[in-house]
Amino acid sequence: MSKTGRLLAYQAAAHHIAQIDTTIVNHSKLRAAHEGLDECIAWSEANREPAGAVLVGEGGMGKTTICNAILRRYPPSIKKTASVEVSIVPAFYASVPSPSSIKSLAAELLKRLGAPRPGAGTASSLTERLIVLLKIAETKIILLDEFQHLLADSKVGDARSNNVCDWIKTLINNTGVTICLVGTPACEALVNSDLQLAGRFARRFRLYPLNIGTSEERGELERFLIAIVEKFKERLGFLTTLDFSDHSNSVRVWAATSGNPRFVMRLLKEAAVLAWAAGRKNLTIGDLAEAYAKGITQSASKFNGNPFVVTYEALSNALRDSKLKM
Ligand SMILES: Nc1ncnc2c1ncn2[C@@H]1O[C@H](COP(=O)(O)OP(=O)(O)O)[C@@H](O)[C@H]1O
Ligand SMILES: [Mg+2]
């Protein structure tokens, strides 16, 4: 095949495989966060002081994916009364702007609520509008992602982050809405640095890399991989895939990605694109080896070499030390 032909085949395959992006694997941490946030909402509806939560994890652990899964559960709707139509937004997602100020955060929340001209006005007029709109929209939960941006230009306990944190407390008190702060593990230190904030955001959900388990007891990574390749068959038309109930195959993926879901998905998708571009509907270990060789998971790799070409014995010997550290 010519160079252009290869690129065209790769391009078409990349589009096909990207359809898998809407798939969310309902793993145990995701379920725990789901159930916990449902409880926070129920608590906030019943009590004067709402219950907030914190969801933390390093990049790629699936925080934003969990937010998306929760949003799917609380879709917006239109409420028709005799004279007007009101937008009901039970849940919405917003990111803390960087650099952040009360005004930029209030404007971002207004924008996500669908308010017209969200940035027009002073910080306090935007806040007033926001409080009114949250009530009209019957908002139950705000997922406030990238909370670490508050730390990007200031230290924990610094005036700027203190001001924004105080503003969040006031917003909660005035609206009764549940807020889930989402971000990197450093966010927890920011929340904990203020006793009032720590008390209002008492529920904590922490995401870690998917664990490898043992050959006797299946780990989270193995279950994740099995769920994804099942979707490759259901949604993408693959006929056969690598068998991840064979523990050695999951160990190879773990060695390549450290169990970080972003790297796991990147690797599997790249391998699937390579197979599809070659006109095959079977995903093999050779495809994973070729995908890995592109270096896409290099920064997360635990193994000095290609874990998809060495013997399992050589790989497990090399990994023994890092496995003990898991
Ligand atoms: N539960 C999941 N199901 C399917 N894919 C996931 C899941 N969690 C993470 N991923 C994959 O990892 C990528 C990064 O996840 P993301 O939620 O953006 O991480 P974070 O927000 O923690 O940085 C996603 O785009 C997706 O490909
Ligand atoms: Mg994210």
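Within an unreviewed UniProt entry, the label attached to the protein chain reads AAA family ATPase, and the organism entered is Duganella alba.

Chemist: What exactly am I supposed to notice about the sheet that holds strand E1 (residues 53-56) here?
Modeler: In any sheet, the strands associate via hydrogen bonds between backbone groups, in a parallel or an antiparallel arrangement. One open sheet accounts for five strands, arranged E4-E5-E6-E1-E7; its pairing is parallel. The open sheet has two free edges, formed respectively by strand E4 (91-95) and strand E7 (203-206), since each of these has just one partner strand. Across the sheet, the mean angle separating the axes of adjacent strands is 15° when strand polarity is ignored. In this structure, E1 lies alongside strand E6 (residues 178-183), joined through four bridges in parallel fashion. Considered in E6, the bridge of Val-56 is made with Gly-183. Here helix H4 (residues 102-112) sits on the sheet in contact with E4 and strand E5 (141-145), set at roughly 140° to E4.

Chemist: Explanation requested: the site of ligand 1 in the structure shown.
Modeler: Taken together, 17 residues surround ligand 1, and among them Val-25, Gly-60, Lys-63, Thr-64 and Thr-65 come closest. A distance of 2.7 Å is found between an oxygen atom of ligand 1 and a backbone nitrogen or oxygen belonging to Gly-60. In this structure, an oxygen atom belonging to ligand 1 sits 3.0 Å away from a main-chain N or O atom of Gly-62. Relative to its unbound accessible surface of 560 Å², ligand 1 loses 83% to contact with the protein. The residues that make up the shell around ligand 1 include at least three from each of domain 1 (3-22 + 212-324) and domain 2 (28-206).

Chemist: Explain the domain arrangement of the protein chain here, please?
Modeler: Often the size quoted for an interface is simply the accessible area lost on bringing the parts together. Domain assignment breaks the protein chain into domain 1 (3-22 + 212-324) and domain 2 (28-206). Centre-to-centre separation of domain 1 and domain 2, based on C-alpha positions: 35 Å. Taken together, the five residues of domain 1 in the interface contact six residues of domain 2. With both sides pooled, the region where domain 1 packs onto domain 2 buries about 440 Å², and carbon together with sulfur makes up 35% of that total. In this structure, the connection of domain 1 to domain 2 is made through one salt bridge. Here domain 1 and domain 2 share five residue pairs in polar contact (both at pLDDT 80 or more) between them.

Chemist: Any chance you could explain the pairing of E5 here in plain terms?
Modeler: It is a general feature of regular strands that their side chains alternate between the two faces of the sheet. Within E5, five of the five residues are buried, which leaves it mostly tucked inside the rest of the structure. Where burial is concerned, the two faces of E5 agree: the one with Ile-141, Leu-143 and Asp-145 and the one with Ile-142 and Leu-144 are both buried. Note that E4 and E5 share five bridges and pair parallel. Its bridge partner lying in E5, Phe-92 is registered against Ile-142. Where E5 meets E6, four bridges bridge the pair, whose relative direction is parallel. Paired with Ile-141 across the strands is Thr-178, a residue of E6.

Chemist: Can you help me understand the packing of aromatic side chains in this one?
Modeler: Given two aromatic rings, their pairing is described by the distance between the two centres and the angle made by the two planes. Counted under the stated rule, the structure contains three aromatic pairs. Relative to Trp-276, the ring of Phe-238 lies with its centre 5.2 Å away and its plane at 55°, an arrangement referred to as tilted. Note that Phe-238 is positioned in the loop between helix H10 (220-236) and helix H11 (247-257) and Trp-276 in helix H12 (residues 261-277), a separation of 38 residues in sequence. Put simply, the rings of Phe-232, Phe-238 and Trp-276 touch in pairs and so form one group of aromatic residues.

Chemist: Where do I start with the pattern of salt bridges in this structure?
Modeler: According to the stated counting rule, one finds 18 salt bridges in the structure shown. For Arg-200, the salt bridge identified is with Glu-49, shortest N-O distance 3.9 Å. A residue pair is termed long-range when its members are at least 10 positions apart, and Arg-200 in helix H9 (residues 195-200) and Glu-49 in the loop between helix H2 (28-46) and E1 qualify at 151 residues. Of the charged contacts in the structure, one is a salt bridge between Glu-222 and Arg-218, with a shortest N-O distance of 3.5 Å. For Arg-218, a relative accessible area of 41% translates into the label partly exposed. Each of Asp-166, Lys-169 and Asp-194 takes part in salt bridges that share partners, so that together they form one network.

Chemist: Sorry, what's going on with helix H1 (residues 3-17) here?
Modeler: Every α-helical turn comprises 3.6 residues, leaving residues that sit three or four positions apart pointing alike. If you check H1, its first and last C-alpha atoms are 21 Å apart, about what 15 residues at 1.5 Å a residue would give, namely 21 Å. Buried within H1 are the following residues: Gly-5, Ala-13, His-16 and Ile-17. Seen along its axis, H1 keeps its buried residues to an arc of 100°; they face one direction. Set apart from the buried face of H1 by more than 90 degrees, the exposed residues are Lys-3, Thr-4, Leu-7, Leu-8 and His-15. Structurally, H1 contributes buried residues whose contacts are with H10 and H12.

Cut-offs applied
- Residues numbered from 1 in each chain as written.
- Chains lettered and ligands numbered in written order.
- Predicted model: local features only at pLDDT ≥ 70, side-chain atom pairs only at ≥ 80, totals over all residues.
- Heavy atoms only, no water.
- Pairing = 2+ DSSP bridges.
- Helix = DSSP H or I, 4+ residues; strand = E, 2+ residues; numbered from the N terminus.
- Axes fitted to C-alpha atoms, helices over the stretch in contact; angles between N-to-C directions.
- Contact = heavy atoms within 4.5 Å.
- Near = heavy atom within 4 Å.
- Polar contact = N/O pair within 3.5 Å; in protein donor to acceptor, adjacent residues only side chain to side chain.
- Areas by Shrake-Rupley, 256 points an atom, 1.4 Å probe, with all protein chains shown as cover.
- Domains from an automatic or database assignment.
- Buried area = accessible area lost by both parts, 1.4 Å probe.
- Salt bridge = Lys/Arg side-chain N within 4 Å of Asp/Glu carboxyl O.
- Buried < 20%, exposed > 50% of the residue type's maximum accessible area, 1.4 Å probe, protein only.
- Phe/Tyr/Trp six-rings, centres within 6.5 Å; stacked < 30°, edge-to-face > 60°.
- Expected span 1.5 Å × (residues − 1).
- Arc of directions from axis to C-beta.

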